[in-house]
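# Descriptive analysis of the structure
These are the residues of each chain, in order.
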Amino acid sequence: KIDGNKIDGRANMDSTIRYLNNFDVALGHEGDGKKFKSSFDLQTPFKDYKSCSGELNHEGSLNNFQTTGKLNLPFRKLHNVLVSANHKYDTNTLNTVGSVTYDDKAISGAVNYRKTGRKVIADASLQTPYRGYENFKLSMEHAGTRDNFQTSGAVTTPIPGYERFSGTLTHRGDLNQFNTM
């Protein structure tokens, strides 16, 4: 059924095959490209996998949005999954944050970028629940002109022997006479 920006659908399958009878699925969608909610619900005849459902919510434009998703699955070790993403961008800044949570575990990450005048700062991070891989960070900074700049970067990891490494590049001068370290 379609009514403006709202769509609802339902399908049912019955079969004479014992293990394939009585499937039911419902689908829904409401909204437009800038704000919508979509959902599904599936019912099965399988005793250990009776149902699963999900929902997706989105609001915003390509440059500025919030999106969340939720899955309810019939699996013992993967029952609830939540996904979220927030994104903001303009010509001088970018901030994007995302996460996936499943049962009692979460993975999240972020990317940030900022430009002011002749200076650019960027960083990215990732956090996981896995021992030995908990936190990763990457950062970079660049300032100056084509003939006079400094760029530095650093990486931080939880991996033994690779906890932190960094570097800096400095350049002064034009193509005919320069000094780079």
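Quick notes on the rules
Residues numbered from 1 in each chain as written. Predicted model: local features only at pLDDT ≥ 70, side-chain atom pairs only at ≥ 80, totals over all residues. Heavy atoms only, no water. Helix = DSSP H or I, 4+ residues; strand = E, 2+ residues; numbered from the N terminus. Buried < 20%, exposed > 50% of the residue type's maximum accessible area, 1.4 Å probe, protein only. Polar contact = N/O pair within 3.5 Å; in protein donor to acceptor, adjacent residues only side chain to side chain. Contact = heavy atoms within 4.5 Å.

## Quick notes on unusual backbone geometry
A positive phi is found at Asp103, a non-glycine position, where the angle reads about 50°. Tracing the backbone through its elements, the reader meets Asp103 in the loop between strand E8 (93-102) and strand E9 (105-116). Overall, the relative accessible area of 34% leaves Asp103 in the partly exposed class.

## Quick word on the side chain of Thr67
The residue Thr67 is located in strand E6 (residues 64-72) in this model. Judged by its relative accessible area of 18%, Thr67 falls in the buried class. At a separation of 2.7 Å, a polar atom in the side chain of Thr67 contacts the side chain of His58. With sequence-adjacent residues up to four places away left out, Thr67 is seen in contact with Leu56, Asn57, His58, Val83, Ser84 and Ala85.

## Details of the environment of Arg172
Along the chain, Arg172 turns up in strand E13 (residues 164-173). Measuring from C-alpha to C-alpha, the distance between Arg172 and Phe149 comes to 6.7 Å, with 23 residues separating the pair along the chain. Of note is the side chain of Arg172, whose polar atom sits 2.6 Å from the side chain of Asn148.

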